Every structure is written in C-alpha cells, then in structure tokens.
Amino acid sequence: MTLLGQFCLWLALFTALWGAGAAFLGRPEARPDLARTAIRSTYGLAAALVVAALCLWKGLFAHDFNIEYVAQYTSRNLPTSYVFAAFWAGQKGSLLFWAGILSLFGAAAQGLTSRRHAALLPYVAAVTNLVVAFFVITMLFAANPFERLLFTPEDGRGLNPQLQNPGMTIHPPMLYLGYISITIPFAFAVAALLSKRLDTGWIHAMRKWTILSWLFLSAGITLGMWWAYVELGWGGYWSWDPVENASLLPWLTMTAFLHSVMIQEKRGMLKRWNVGLIVASFLLSIFGTFITRSGIIASVHSFTQGSVGAFFLVFLVLSAVLSFALLYVRWPLLEPEGQLESMASREAAFLFNNLALVGIAFSVLWGTLFPIISEAVRGTKITVGPPFFNRVNVPLGLFLLALTGIGPLIAWRKASAQNLQRQFIAPVTTGLVVLVSLLAAGIREGWALTAWALAGFVAGTVVQEFWRGVRARRRMHGESLPAALAHLVARNRRRYGGYVVHVGILTYMVAFAGLAFKVTREVTLSPGQTAELRSPYGHTYQLTHLGVSQYNQLNRFVSAASLEVKRDGVGIGRLTSEKRQHRDSFGRNTFEPSTEVGIRSDLREDLYVVYAGSVGGTDQATYALTINPLVMWVWLGGAILIVGGLMTMWPGGAMITSRRRSETQAGYEAPLVGAGVAE
Amino acid sequence: MRAGTKFAIGALVIVAGVAGLIATGVKETGVYFLTPTELMARTRADSTFHDVGIKVGAKVVPGSVRREQNARTIDFRVTDGSSEFPVTYTGLVPDTFTDASNIEVIVEGKYGRDGVFHATEVLAKCGSRYESEIKKSGKA
C-alpha cells in the first residue's frame with residue numbers, strides 16, 4: 001500500500017508539472033490542444049492524490065504500525081472515528097490532505113466554471129497545479145506520510161488526547177478547507193492578470209469560491225473556539241494564540257474582499273486593491289499553515305510542529321514576489337473606471353470597512369510576529385499577549401460594527417439628506433433604546449455598553465431592510481407575509497444572505513462583550529465543603545465538592561471530581577471535571593495528563609468547572625471555577641453566520657449584481673431606496 | 001473639497017489610529033522574553049528590570065519542584081544551563097507541568113529584588129518524549 005501511495009505522489013508531481021508546463025509554455029490562446037492538456041491534467045492530478053489518500057487511510061485502519069505515521073498517531077485501542085481523523089492529526093497527513101483537497105477543488109473549478117470564462121481556465125489549472133506540486137514536493141522530500149520504520153512496534157503511540165474530541169475531527173479539516181479553497185480565487189486572479197482579461201469576468205467566475213472559502217474559514221474558526229473552550233480548560237475560547245491569529249488573518253482579508261468586490265462590480269473601482277486582497281489572502285493562508293507547521297512561534301498548537309518550515313518559507317516568498325511582480329506589470333491595465341463622488345456614499349462606507357479590516361489584520365500580524373520583529377530590530381525578544389490584541393482590536397472591531405450598520409443604509413454614489421434621514425431614524429433609535437435600557441439596568445462597562453448599543457443599531461438596520469422589502473412586495477404583488485419574505489430572499493440571495501451574516505457578526509460581538517463580566521475563582525475543597533460564586537446576573541451559585549473517583553475507561557485512566565450545584569438555593573444538577581491519563585493497549589502511559597472540563601450552559605451564562613488536581617492524593621480537590629456570560633451566543637452567532645453564507649451561495653435565483661454594469665449604474669437611484677420596489 | 005481628498009483625510013485618521021493603537025499597545029503591554037542568562041545580565045546592569053514584566057523561557061531543574069500543603073503554591077528552580085534562579089508561583093499549573101525531567105517552561109512575572117522570580121503565569125511544554133523514542137530506536 002505504501003508503495004502504491006508513494007507511486008501516486010510521484011505521478012501527481014509529474015502530472016501537476018506537466019499540466020502547468022502545458023499551460024504556460026503552450027500559450028493556450030494559440031494552442032487549444034495544450035490548453036486541453038492543462039485542463040485535463042487537473043483531473044488526473046486529483047485522481048492520483050485520491051488514491052494516495054486512500055492508501056494512507058488503508059494503512060491507518062489496518063493498524064500497520066510499520067508505517068511511521070500510523071505508529072505515531074494511532075494505537076490499537078483508539079476509537080474508530082479518531083483513526084479516521086488521525087489522517088490530519090499530524091503534519092505529513094495534513095500535507096496530503098491539503099494537496100488532495102486542493103487537487104479536487106482545482107478539478108471542480110475546471111468542471112464547474114461556465115464556458116464563458118474558458119480562456120482563463122488553462123491558467124487557473126497552471127496555478128492550482130503548481131500549488132499542489134509544492135505540497136507534493138514537500139511530502140516527497142521532507143515529510144513523507146508513507147515512510148516505513150525499520151521495525152514494527154507492537155502498538156502505536158496513539159492520538160494526542162487533546163485531539164480526541166469530536167470537535168477536533170471537524171475543526172482542522174474545516175479550517176484547512178478554508179485555507180485551501182482560497183487558492184481557487186487566487187488562481188483566477190493570476191489567470192486574469194496573465195491573460196490580460198481584466199474585466200469583471202474573472203470575478204464572476206470565482207465569486208462563489210470566495211464565499212465558500214470564507215464560510216469554511218468562519219466555520220473552522222468557530223469550531224476552533226469551541227474546541228479550545230471545552231478541551232483546553234483555561235476558561236475561554238480565544239487566547240490570541242499565534243495559530244488562532246493565523247486563521248483570523250485570511251478571514252479578515254477575505255471579508256474585506258467580499259465587500260470591496262461589490263464596488264468593483266458596481267462602479268469599476270478598486271481593481272488593484274481587490275487583486276491585492278486576493279493575493280494577500282492566499283499568502284496569509286500559506287502563512288497560516290506555515291505558522292502552524294513550523295512552530296516558529298510558541299503556541300498551544302505546538303503538537304503540530306514539524307520540519308517543513310523552510311519549504312513553506314521559500315514557497316511563501318516565491319509566491320509573494322511572483323504575484324506582486326505580475327500585479328505591478330499589469331498595473332496600467334487596472335485603471336479605475338469611476339471615482340468616489342461623496343463621503344456620504346456606500347462606497348465610502350465600504351472603503352472605511354476595508355481599511356478597518358486590513359488595519360485589524362495588520363495589527364494582528366504585527367502582534368503575532370512582534371517577538372521575531374523585535375529580536376531582529378532591537379536584539380531583544382519582546383512578546384505581546386491578549387492585553388495588546390484586545391486594546392487594539394476592541395476599538396477597531398466596534399468601529400467595524402458601526403460600519404456594518406451604516407453600510408447597508410447609505411446610498412451608492414451620493415446619499416441625499418432625505419435618504420439619510422429616512423434610513424437612519426429607526427435603527428439609531430433602536431441602538432439608543434438598547435443603550436438606555438442597559439444603563440437603567442445598572443451596567444456601566446463602557447466597551448460592553450458601546451458594543452451592545454451598536455449591536456442594537458445593526459439589528460435595527462437588518463430588520464428595517466427586511467421589513468421594507470417585504471412591504472414593497474406585498475404592495476406590488478399582493479403576497480402574504482411568508483410568501484413575500486421567501487420571494488424577497490430568493491430573488492436577491494446575495495443581499496439578504498449578507499444581512500443574515502451581519503446578524504451573525506453582531507451576535508458574536510454581543511457575546512464577546514459578555515467577557516467583560518467574567519467571574520473566576522480558584523478554590524480547594526474537602527468533600528462536603530461548599531464554594532460560592534456570584535454571577536453577573538445577581539444569582540448565587542453554591543458548589544459542593546462531592547469527592548474524587550478514579551477508574552479505567554476505554555484507553556485512559558480517569559480521576560473525576562464532582563460538584564453538586566445549586567443556584568439561589570435550588571439544585572440544578574451535578575458537574576464533573578476529569579483528569580485523564582491516556583494509556584496504550586499495554587497499559588503504559590502515553591502523553592501528559594489532560595483535563596476534561598465540566599460545563600453547564602444556558603443562554604445567559606456558562607458555569608465552567610476545571611478539576612486542577614487533588615491535594616496529596618486525598619479527596620481534597622482544587623478547582624478553577626468560572627462564570628462565562630453569553631458564551632452560548634458565540635456558537636449561535638457562528639450558526640447564523642453559516643446560514644447567511646449558505647443563503648448567498650445557494651445556486652439559482654436572479655442575482656441583481658450579475659447584471660451588466662452599465663444597467664446597474666444607470667438605474668442605481670431606484671433600487672437603493674427600497675430594494676423590493678426595484679425588483 | 002473633493003470627495004477623494006476627504007476620504008484620504010479619513011483614511012489617514014484611521015491609519016494613524018491603528019498605528020497609534022499598535023505603538024501604545026506594544027509600549028504598555030509588551031513583555032520582555034529572555035533567557036535566564038540574559039535576565040541576570042540585564043538586572044545586574046539596570047536594577048529597574050526588577051520592576052517590569054518579563055517572560056523567561058527555561059528548563060525546570062530536575063527535583064527542584066516543591067509544592068506547598070494547599071497545592072496551589074509551587075516553588076521550583078529554572079535554568080538554561082549557565083544561569084539558575086528560583087521561581088515561586090501561586091495558582092494552577094498546567095497538566096504538562098510534572099516532576100519529570102526535561103520540562104521546558106515559560107514563566108511570566110517579575111524578577112524580584114529578593115532574587116526570586118514571582119510568576120503570575122506558568123506555561124509548560126514537554127518535548128514529545130515518545131516521538132523522540134521512536135525516532136531514536138526506529139531510524140538509523
């Protein structure tokens with residue numbers, strides 16, 4: 001099996017290079033036969049890598065511990081679902097996963113793109129092939145998943161217990177799918193530059209890919225937060241860890257792109273900026289993989305470190321130099337067709353939104369790399385942590401939240417005073433009502449108040465937009481309320497899906513602001529002793545230590561400590577937190593002990609209990625107790641965001657934005673006042 | 001004034017704001033990351049280093065870990081091979097902090113004038129032992 005896998009890797013490498021060579025050297029416009037070769041090579045490439053992946057899975061399920069990767073990441077007593085997920089638990093498997101998925105995406109991009117954009121496709125094939133080739137080269141020369149050992153261990157090492165969590169079976173692939181799918185828009189951007197077809201064609205051809213990768217990134221990041229929250233046991237879901245930051249960076253630039261591309265479609269502006277954002281997103285996705293895989297910056301993800309850092313660095317620099325050089329050469333062809341006409345316009349709001357997003361991305365990148373920068377420049381390593389990131393990003397994030405509300409309300413080109421008044425009264429009132437009621441409730445935290453008031457404002461804008469659209473449809477077509485709503489959304493999925501995404505974002509912000517009211521306490525309790533915790537809502541939790549029990553379970557030895565929980569004197573159940581020492585099938589300890597957190601969630605707050613250890617092996621236990629307000633809303637925000645993203649992507653339906661630009665420009669004043677009327 | 005100019009001014013304000021936030025953020029929350037030897041040299045040269053927040057990456061001296069009765073205060077010594085100093089910490093230590101040899105830690109806190117490092121945070125990293133075992137025995 002490893003021989004076949006190995007062979008498939010070499011086959012993939014030659015197919016990829018052959019296809020790329022055919023596209024580049026054969027000048028597709030002149031040689032249609034070579035163009036077809038390039039396109040077909042993507043299918044061959046995908047097939048070769050799928051077979052290679054199946055070979056690795058075969059080895060994993062067969063417990064063939066002679067394969068180093070299998071011995072390293074699985075053991076006989078590892079549950080089956082984790083054997084499956086062990087494919088991407090380590091570096092070598094992750095590289096194969098990357099290459100395989102990218103080759104599938106590359107082939108899908110060839111198969112699914114409309115014939116109208118056929119001229120771009122050979123170049124797209126060349127770019128995706130080259131990126132796949134890089135990963136295959138890295139595997140073949142530095143991190144081969146099919147490498148065999150000189151002997152066969154009786155049992156494997158097993159999977160790191162922190163990775164033995166249901167979230168962990170889907171969080172890394174989701175994030176990787178996000179990282180990987182950015183390559184497709186990047187390939188289209190490079191193809192447009194190379195072929196000099198720089199009208200909006202390439203943007204239409206790859207638009208859904210940008211939303212897709214943004215969705216995967218969003219889902220991956222949210223699942224990562226959930227994993228950190230339930231598995232790492234430090235009481236939070238986001239610690240500004242380098243690897244977390246690395247996943248946020250392309251998300252920010254992609255978010256910026258999804259907004260600024262609308263200006264290009266409608267007004268022919270920002271062409272250079274948009275190409276720049278796509279290139280930057282691609283580079284950041286490689287950078288994210290590099291940070292994760294190289295261990296260049298100490299991180300909670302240190303179990304993913306490996307030896308391929310140098311390969312990634314070279315690839316990163318090479319891609320950056322080549323892409324920006326190409327952009328520079330084509331610079332004159334990317335002349336803007338329109339210009340900003342007023343500060344009171346949607347264009348201006350989007351431009352500020354882009355600046356804020358890129359500003360956040362820059363500050364996160366700067367903070368993440370600061371240990372390296374400061375060491376290089378001043379000879380001393382200086383690190384910055386969560387206080388830095390919060391300080392910089394809380395104000396920027398709130399500015400962005402405000403723009404989330406302003407953008408959809410303001411007209412393209414130039415908004416009239418009348419338009420502004422008509423659009424802003426209800427949402428601003430909503431925000432003020434929220435602010436006043438929170439003040440009346442006695443809340444005095446400045447940042448949290450601002451966040452919640454702005455969230456009220458944004459919610460007001462979304463409701464107003466939906467309401468006006470529905471009302472217009474009912475008037476025009478005499479439809480019932482649900483029918484009007486359904487038709488409204490179906491006829492303009494991108495717009496209304498986008499609003500739903502905004503609701504997801506404001507839900508996140510509401511949840512993040514809740515962190516200002518976090519309560520933590522560390523206690524040591526004998527059995528029967530009780531600790532008290534006061535929640536920000538004014539409840540009193542009483543937690544009574546019951547005792548510590550120890551037992552064997554599946555592939556681990558467990559010490560579990562339990563607390564009886566009462567809220568305001570009423571029993572609400574029992575919380576258990578465990579320390580787990582994982583063992584292989586011979587009873588030998590593997591890995592360091594890990595912690596299972598006890599969590600009790602509702603919509604208002606989470607009670608989060610960590611058993612930190614017993615005192616000298618007695619029944620006396622030390623606990624870290626935390627009340628995390630509004631955490632549930634983070635997960636809800638993620639779900640809303642994904643629903644909204646899927647709405648914008650759903651195939652079919654009339655897309656107002658895909659009309660020819662001349663039409664939309666001429667007819668602009670009408671749709672902006674009441675979208676429903678213009679339909 | 002043209003809209004483009006107005007926007008440029010607005011953009012400058014944002015860029016300056018971001019730059020300002022980053023600069024003050026680094027200044028006020030930045031923490032030195034030093035090895036024990038560097039820390040010793042710096043505190044000898046400049047005694048104000050006793051008052052600023054510092055992170056030190058080092059190895060725990062085997063056998064030096066001592067836990068207080070309540071299990072929440074822990075004393076140990078760290079070294080980088082040439083310099084060594086004691087650390088005291090009250091709080092929960094991570095699962096990876098064990099008495100085994102070769103534990104790498106990052107301690108954050110202040111190096112007091114009493115010659116003891118008062119840690120506010122302890123991060124432990126255990127170099128994947130098993131992994132190196134396989135490598136050692138498995139491959140020539």
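All values derive from a computational prediction rather than experimental measurement. (Residues numbered from 1 in each chain as written. Chains lettered and ligands numbered in written order. Predicted model: local features only at pLDDT ≥ 70, side-chain atom pairs only at ≥ 80, totals over all residues.)

Engineer: What is the right way to look at the overall build of chain A in this model?
Structural biologist: When helices and strands are tallied, chain A shows 22 helices and ten strands. Taking 679 residues into account, the globule formula puts the C-alpha radius of gyration at 26 Å, and chain A, at 27 Å, falls close to it. Judged by the C-alpha coordinates and their principal axes, chain A covers about 80 × 70 × 60 Å. The buried share of chain A, reckoned over its 679 residues, is 53%. When contacts within chain A are restricted to residue pairs at least 6 apart in sequence, those whose partners lie at least 24 apart make up 73%. (Helix = DSSP H or I, 4+ residues; strand = E, 2+ residues; numbered from the N terminus. Rg over C-alpha atoms; globule rule 2.2 N^0.38 Å. Buried ≥ 20, exposed ≤ 12 C-beta atoms within 10 Å, placed from the backbone. Contact = placed C-beta atoms within 7 Å.)

Engineer: Please clarify how the interface of chain A and chain B should be interpreted in this entry.
Structural biologist: Many structure descriptions define interface size as the accessible area lost when the parts assemble. On the side of chain B, 35 residues touch chain A, which itself brings 48 residues to the contact. Looking at the side of chain A that touches chain B, the elements that each hand over two or more residues are helix H3 (68-73), helix H13 (346-378), strand E1 (381-383), helix H14 (386-409), strand E2 (519-525), strand E7 (594-596), strand E9 (605-614) and strand E10 (621-629) of chain A. Sort the elements by how many residues they give to the side of chain A that touches chain B and H13 of chain A lands first, with eleven residues. Across the side of chain A that touches chain B, the residue classes tally to 27 nonpolar, 15 polar and six charged. In terms of strand pairing, E1 of chain A meets strand E1 (residues 31-34) of chain B through three bridges, oriented antiparallel. If you follow Lys381 of chain A over to E1 of chain B, its bridge partner there is Phe33 of chain B. (Nonpolar A, V, L, I, M, F, W, Y, C, P; charged D, E, K, R; others polar. Pairing = 2+ DSSP bridges.)

Engineer: How should helix H18 (residues 493-514) of chain A be read in this particular structure?
Structural biologist: The α-helix advances 3.6 residues per turn, and as a result positions three or four apart in sequence lie on the same side. When the terminal C-alpha atoms of H18 of chain A are compared, their 32 Å separation across 22 residues agrees well with the 32 Å that a helix rising 1.5 Å per residue should span. Across the 22 residues that make up H18 of chain A, a large majority, 21, are buried. (Expected span 1.5 Å × (residues − 1).)

Engineer: Could you clarify how one ought to interpret the domain arrangement of chain A in this entry?
Structural biologist: The domain architecture assigned to chain A consists of domain 1 (1-159), domain 2 (386-515 + 637-678) and domain 3 (517-632). Inter-centroid distance (C-alpha atoms) of domain 1 of chain A to domain 2 of chain A is 42 Å. (Domains from an automatic or database assignment.)

Engineer: Sorry, what's going on with the environment of Val83 of chain A here?
Structural biologist: Residue and element names in this part refer to chain A. Looking at where Val83 falls in the secondary structure, it is placed in helix H4 (residues 80-85). When the 21 C-beta atoms within 10 Å are taken as the criterion, Val83 is described as buried. Sequence separation of Val83 and Leu60 is 23 residues, and the distance between their C-alpha atoms is 6.5 Å. Setting aside residues up to four positions removed in sequence, Val83 forms contacts with Leu60, Phe61, Thr74 and Leu78.

Engineer: Quick question: what am I supposed to make of the nonpolar core here?
Structural biologist: A general feature of soluble globular proteins is that nonpolar side chains tend to end up buried together. Residues and elements named next belong to chain A. The biggest cluster of nonpolar side chains holds 239 residues, and the ones touching the most others in it are Phe188 and Ala191. Considering every element that reaches this core, the biggest residue donor is helix H9 (residues 201-232), with 19 residues. Setting aside anything within four residues of it in sequence, one finds Ala191 in contact with Leu120, Tyr123, Val124, Val127 and Trp202. (Core = buried A, V, L, I, M, F, W, Y, C linked by C-beta atoms within 7 Å.)

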